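Structural characterization, general
Chain by chain, the residues:
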Amino acid sequence: MSDTTATHDDNGHDHHIVSVKAYGMVISALFFLMFLTVFMAFVDLGSLNPFIALAIAVSKAVLIVLIFMNVWFSTRLTQIFVAGGFFWLLILFGMIIIDFVSRAMVTNPQAWE
Amino acid sequence: MHTIAEAQRSAVFPEVNYLSARHTVASWLFTVDHKRIAMLYLVTISIMFALGGSFAALIRLELLTPAGDLLDSDTYNKVFTLHGVIMIFFFLIPSVPATIGNFLIPLMIGCKDLAFPRINLLSYYLYLLGATFAIIVLVRGGVDTGWTFYTPYSSTYAQTEVFYATMAAFAAGFSSILTGLNFIVTIHKMRAPGMSWFRMPLFVWAHYATSLIQILGTPVVAITLVLLATERIWGVGIFNPNIGGDPVLFQHLFWFYSHPAVYVMILPGMGVISEVITCFSRKRIFGYTFVAFSSLAIAVIGFLVWGHHMYVSGQSVFAGIVFSFITFLVAVPSAIKVFNWTATLYKGEITFEAPMIYAFGFMGLFLVGGLTGILLGSMGADVHFHDTYFVVAHFHYVMVGGMVMAFMCGLHFWWPKMTGRMYNETLGQISGILVFVGFNLTFMPQFLVGYLGMPRRYHVYSEEWQMLNVMSTLGATILGLGYILPAIYFPWSLFKGAPAGDNPWDAKGLEWETTSPPPTFNFDEENMPVVTEEAYAYVIERNTLGAR
Amino acid sequence: MAHASDSLVAHHFEDIDQQNESAVLGMWLFLAQEILFFGGLFAAYFVYRVKYPDAWAAASSELDIYLGGFNTVVLLVSSFTMAVSVNAAQTGKQQRLMMGMLVTLALGLTFVVVKFFEYKAKWDHGMIPGSGFVYHSTTGDYFAGVNPDQIQLFFCLYFVMTGMHALHMIIGAGLLLWLLALGYNGHFGPHRFMKVELFGFYWHFVDIVWVFLFPMLYLIDRSWMLQG
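What you see is a predicted model; the values in this text were computed from it and never measured. (Residues numbered from 1 in each chain as written. Chains lettered and ligands numbered in written order. Predicted model: local features only at pLDDT ≥ 70, side-chain atom pairs only at ≥ 80, totals over all residues. Heavy atoms only, no water.)

**Considerations on the overall build of chain A**
Tallying secondary structure elements over chain A gives three helices and two strands in all. For chain A, the succession of helices and strands along the chain, N to C, is β-β-α-α-α. Expressed as a percentage of its 113 residues, the buried residues of chain A come to 42%. Within chain A, contacts between residues at least 6 apart in sequence are counted, and of these 42% link residues at least 24 apart. As displayed, chain A has an accessible area near 5900 Å², and 72% of this comes from carbon and sulfur atoms. (Helix = DSSP H or I, 4+ residues; strand = E, 2+ residues; numbered from the N terminus. Buried < 20%, exposed > 50% of the residue type's maximum accessible area, 1.4 Å probe, protein only. Contact = heavy atoms within 4.5 Å. Areas by Shrake-Rupley, 256 points an atom, 1.4 Å probe, with all protein chains shown as cover.)

**Comments concerning the interface of chain C and chain A**
Interface size is commonly expressed as the accessible surface area that is lost when the partners come together. Between chain C and chain A, the residue contacts involve 57 residues of the former and 50 residues of the latter. Buried area between chain C and chain A, both sides added, is near 4600 Å², and the carbon and sulfur share of it is 80%. For the pair chain C and chain A, the interface holds zero salt bridges. Looking at the side of chain C that touches chain A, the elements with two or more residues in it are α1 (16-51), α3 (65-90) and α6 (194-219) of chain C. Sort the elements by how many residues they give to the side of chain C that touches chain A and α1(C) lands first, with 19 residues. (Buried area = accessible area lost by both parts, 1.4 Å probe. Salt bridge = Lys/Arg side-chain N within 4 Å of Asp/Glu carboxyl O.)

**Some points on the pattern of salt bridges**
As enumerated under the stated definition, the model contains 13 salt bridges over all chains in all. Here A:Arg103 and A:Asp99 are joined by a salt bridge, their closest N and O atoms 2.9 Å apart. Of this pair, A:Arg103 and A:Asp99 both sit in helix α3 (residues 76-107), separated by four residues, roughly a single helical turn. Overall, the relative accessible area of 0% leaves A:Asp99 in the buried class. B:Asp246 is the salt-bridge partner of A:Arg103, the closest N and O atoms lying 2.9 Å from each other. Of this pair, A:Arg103 sits in helix α3 while B:Asp246 sits in the loop between α9 (202-234) and α10 (247-264), which puts the two residues in different chains. Side by side, A:Arg103 and B:Asp246 carry an identical accessibility label, which is buried. In this structure, a network of salt bridges that share partners links the residues A:Asp99, A:Arg103, B:Asp246 and C:Lys51.

**Quick word on the domain arrangement of chain A**
Residues and elements named next belong to chain A. Splitting chain A by domain gives domain 1 (1-74) and domain 2 (75-113). Carbon and sulfur atoms supply 68% of the area that domain 1 and domain 2 bury against each other, a total of about 360 Å² over both sides. On the domain 1 side of the interface with domain 2, the three residues burying the most area are Val 65, Val 71 and Ser 74, jointly 93% of the side's total. Linking domain 1 with domain 2 are zero salt bridges, by the criterion used here. Grouping the constituent residues of the side of domain 1 that touches domain 2 by class yields four nonpolar, one polar and no charged. (Domains from an automatic or database assignment. Nonpolar A, V, L, I, M, F, W, Y, C, P; charged D, E, K, R; others polar.)

**Comments concerning the environment of A:Ile96**
Here A:Ile96 shows up in helix α3. Note on A:Ile96: relative accessible area 1%, which makes it buried. The sequence separation of A:Ile96 and A:Ala41 amounts to 55 residues, and the corresponding C-alpha distance is 26 Å. Discounting residues that sit within four places of it in the chain, A:Ile96 has contacts with B:Leu249, B:His252, B:Leu253, B:Trp306, C:Ala43 and C:Val47.

**Considerations on helix α1 (residues 20-41) of chain A**
With 22 residues, α1(A) ought to run about 32 Å at 1.5 Å a step, and its terminal C-alpha atoms sit 32 Å apart, in line with that. Those residues of α1(A) that sit buried are A:Ala22, A:Tyr23, A:Gly24, A:Val26, A:Ile27, A:Leu30, A:Leu33, A:Met34, A:Thr37 and A:Ala41. Turning to α1(A), the residues buried within the fold contact α2 (49-68) of chain A together with α3 and α6 of chain C. (Expected span 1.5 Å × (residues − 1).)

**With respect to the packing of aromatic side chains**
Under the criterion given, the structure shown has 74 aromatic pairs over all chains. Relative to B:Trp414, the ring of B:Phe203 has its centre 5.3 Å away and its plane inclined at 55°; by these criteria the two rings are tilted. Of the two residues, B:Phe203 is situated in helix α9 and B:Trp414 in helix α16 (residues 389-419); the sequence distance between them amounts to 211 residues. Residue classification places B:Trp414 among the buried positions, given a relative accessible area of 0%. Note on C:Trp210 and C:Tyr218: the rings are 5.9 Å apart at their centroids and 65° apart in plane angle, and the pair reads as edge-to-face. Of the two residues examined, C:Trp210 and C:Tyr218, each falls in the buried class. For A:Arg103, the ring lying beneath its charged end belongs to A:Phe100, and the centroid distance is 4.2 Å. Just above the ring of B:Trp28 sits the side chain of B:Arg36; from NZ or CZ to the centre is 4.3 Å. (Phe/Tyr/Trp six-rings, centres within 6.5 Å; stacked < 30°, edge-to-face > 60°. Lys NZ or Arg CZ within 6 Å of the ring centre and 35° of its normal.)

**Thoughts on the packing of α9(B) against α1(C)**
Put simply, α9(B) and α1(C) touch, their axes get as near as 7 Å, and they point 40° apart. Considering their axes alone, α9(B) and α1(C) lie oblique with respect to each other. Note on packing geometry: the crossing formed by α9(B) with α1(C) is right-handed. Between α9(B) and α1(C), the contacting residues are B:Ile215, B:Leu216, B:Pro219, B:Val220, B:Ala222, B:Ile223 and B:Leu227 on the first element and C:Leu29, C:Ala32, C:Gln33, C:Leu36, C:Phe37, C:Gly40 and C:Leu41 on the second. Here the contact of α9(B) with α1(C) is composed, by residue class, of twelve nonpolar, two polar and no charged. (Axes fitted to C-alpha atoms, helices over the stretch in contact; angles between N-to-C directions. Parallel < 35°, antiparallel > 145°, perpendicular 65-115°, else oblique. Left-handed = near helix turned anticlockwise from the far one by under 90°.)

**So, the interface of chain B and chain C**
At the interface, 39 residues of chain B touch 35 residues of chain C. There are two salt bridges connecting chain B and chain C. In this structure, B:Lys189 and C:Glu21 form a salt bridge, with 3.1 Å as the shortest nitrogen-oxygen distance. Where chain B packs against chain C, one counts eleven residue pairs in polar contact (both at pLDDT 80 or more). For the side of chain B that touches chain C, the secondary structure elements donating two or more residues are α8 (162-189), α9 and α10 of chain B. For the side of chain B that touches chain C, the leading source of residues is α9(B), giving ten residues. Its residues placed into classes, the side of chain B that touches chain C shows 28 nonpolar, six polar and five charged. (Polar contact = N/O pair within 3.5 Å; in protein donor to acceptor, adjacent residues only side chain to side chain.)

**Description of the packing of helix α3 (residues 34-62) of chain B against α16(B)**
All names here are of chain B. Between α3 and α16, whose axes approach to 14 Å, the crossing angle comes to 145°. Both α3 and α16 take part in a crossing whose hand is left-handed. Contacts between α3 and α16 pair Met 39, Leu 42, Ile 45, Phe 49 and Arg 60 from the former with Tyr 389, Val 404, Phe 407, Leu 411, Trp 415, Met 418 and Thr 419 from the latter.

**Quick notes on the nonpolar core**
In terms of nonpolar packing, the biggest core is built from 305 residues, with A:Met69, B:Phe90, B:Ile238, B:Leu249, B:Phe362, B:Trp414 and C:Phe155 touching the most fellow members. Shared between two domains, this core takes at least three residues from each, and those domains are domain 1 (1-74) and domain 2 (75-113) of chain A. (Core = buried A, V, L, I, M, F, W, Y, C linked by side-chain atoms within 4.5 Å.)

**Here's the deal with helix α12 (residues 288-301) of chain B**
Residues lying three or four places apart along an α-helix face the same way, a consequence of the helix completing one turn every 3.6 residues. All names here are of chain B. Look at α12: 20 Å from first C-alpha to last across 14 residues, which is about the 20 Å you get at 1.5 Å a residue. The complete set of buried residues in α12 reads Tyr 288, Val 291, Ala 292, Ser 294, Ser 295, Leu 296, Ile 298, Ala 299 and Ile 301. Check the buried side of α12 and you find it contacts α9, α10, α11 (267-281) and α13 (317-345).

**So, unusual backbone geometry**
Residues and elements named next belong to chain B. Here the amide bond leading from Thr 151 into Pro 152 is cis, since omega sits at 0°, within 30 degrees of zero. Assignment of secondary structure puts Pro 152 in the loop between α6 (117-139) and α7 (153-157). Residues Ser 516 and Pro 517 are joined by a peptide bond in cis, for which omega reads -10°. Residue placement: Pro 517 occurs in the segment after α18 (466-496). Backbone geometry at Phe 149 places phi at a positive 50°, although glycine is not the residue there. Positionally, Phe 149 belongs in the loop between α6 and α7. Taking relative accessible area as the criterion, Phe 149 reaches 0% and is therefore assigned buried. Even without being a glycine, Lys 347 presents a positive backbone phi close to 60°. Tracing the sequence through the fold places Lys 347 in the loop between α13 and α14 (354-377).

**Examining a nonpolar patch on the surface**
All names here are of chain B. A cluster of nonpolar residues, Val 25, Leu 29, Phe 30 and Tyr 125, forms a patch on the protein surface that exposes about 400 Å² of accessible area. Residue placement: Tyr 125 occurs in helix α6. Relative accessible area serves as the criterion here: at 30%, Tyr 125 is assigned to the partly exposed category. (Patch = residues over 30% accessible without salt bridge, like charges linked within 9 Å, V, L, I, M, F, W, Y side chains within 5 Å.)

Structure, rendered in structure tokens:
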């Protein structure tokens, strides 16, 4: 993160200002990841396909959140709330998916084995 | 009662306060003062409560006899749906947070206003928009899906005003999100010097936990209602089984919010009780940190239990087991609170003012509601109880016996602070006892009739259940009287009540250190409060516990 | 201590720091709410993806990967220009701030226009969910056995998800117009940039939603195209 500068504005408050150069590096990485995800869509890895697409999307989102949205330089409080928001998403997905993937176990008892 | 008489002897009504600041209608409708917005909310939700209550009265009247003689089936469906929608989205969810919480949180933590006063006003108008949609539903002939809007009935088959009903809930939902957002930022950033997290009143902790639920849960039901509304407009949608959609998915998304929402409907009430119990037993709360963290635990664990509404709806057995197990876990923090309140009472100097009578009522009724919840949370037992009056009685014990009792309790406790006037204490005590007796007479028979198998949402039933239903209707009449009394003596006190003085209950907390009613910016601006002691630093005068 | 910016602090705040920190926290809470708002849609997507993997692959092959890819580029660049605008606001570079926001607005509108033409193409092919829905397959025999009802289900989700996203883009464009008007009147300076910064959060969030929508709706399981 050496490309970013922490400057003091005239009021004497710390307000991290991320440099344009750092933003440039992030957008380059985002473009690379975009082409990677398009490329991977044409490679058939069977049931892994959605997971690869998701993993790449998550890394793009992390880059945007941390640098574009300044969360890397934010207070611990902000970071906790950002993490909390995404964690709650996992609760929503996780508990719903538990139901849908385990329904087969009842209609098809062999699935238990 | 010594404290009331002493404090009031010399009480005068302060000349400068938020009520007298300006008198125009516009100064109320466009106010950004959290206290005035709280009063706007109080008036509006009282009207909605009366509306929802009148539907309840219709239901109880119809159920007086086993035959369907007052309402036909379709009308009955609409009446119980409107009762549910109005009471849940327009009374219970905003009840304590938007009125008492809105009024008190800045006062309790010692700041001049909520962090975003204009967003606070916006939240009120969103609520009003939602209420308008609810009235539109009413005028256009009602809605008959039940307050849960289950698909595919609501999306495909219902011929009633489902669209406007979803819009009503949607707008009310965003109002609730904005209230929660405001509270969390205010509690984090606006506390007075010395007001550390563990010096905050437990009322504030409870609202913090509530706000987390409002922010993280409500948007999911909002988008679900959008999906439902588009499905109705479009003719097909993602819950439509004809094209492979799964109606049970709707229930998942709906309960992801609506189960945590029942904690929105109880946590603020628990906060009220923590304040009132300590004040009227003149004792510190027993186990402050446990009560504080149990609020957060309820909020978090409450997000993991929603599937217990869906044991018989086609959800997988495995998921049901998981949800059932976590449901038992959520009973632990709830029980911690009840135990700690009880321990707080132990050897306290207990007095029985009206708020305390309501608080005792809360503790008993919430206990019954909570314990029957454990029965319903067990997967096997729920197959028997599901969709019977046992469920109806259970959630009324928690919602009405819990939250409405707590709302009345808080209203009596802080009414002197909010208006600067005392209500008639004797009438207050009578009302508290009437509500407690009437409530139990209404809903205890419903446990029995539900256990015997009477299904909910039917207006015709077997004759052998009539006795219990008559008892229930009789109780509802007494309950109604108990609610009508405050509707008379509260407004009366505004004009004729004695000036309350700054601290009529001799209570602890920053809100009692300013005038009643407070000035527009809550405190003397040259002398903003600084906190030097922990919450509930009550000292018992009778020296039974040894010197403190 | 005398504040250089006392007039910028609302009466109920102690100082500018408290006001700014509150604003940032409030914005993030709003975005946490937005995360779960879109989360409901994504949950539905995942459930049906698990249930109907073949139909999902077939249906997503009907979407135009070129227009979708073009829009992805547009949005990523607009996020970059918005980030540059925030930097310009913080460092007091007025001209760069205005240019940055103008370009962001133009890119945002481009996205919406392209989206409109994508919708129109689906309309022309009758692939709008409803009683008139027809599965207009362009994938040859590759997905022959797939159930057209499930394709329709995919398109229900597609239109709601991208429609909700486009709605957020349009709201964002409106807010940008407002910020441009404020900037034109010299509202912003090195002490006064929170509105731009907070709007930047919102805009990046909308970008993130698209970062997930693009692969999930357009991309997964495209390998059939290479097999002829």
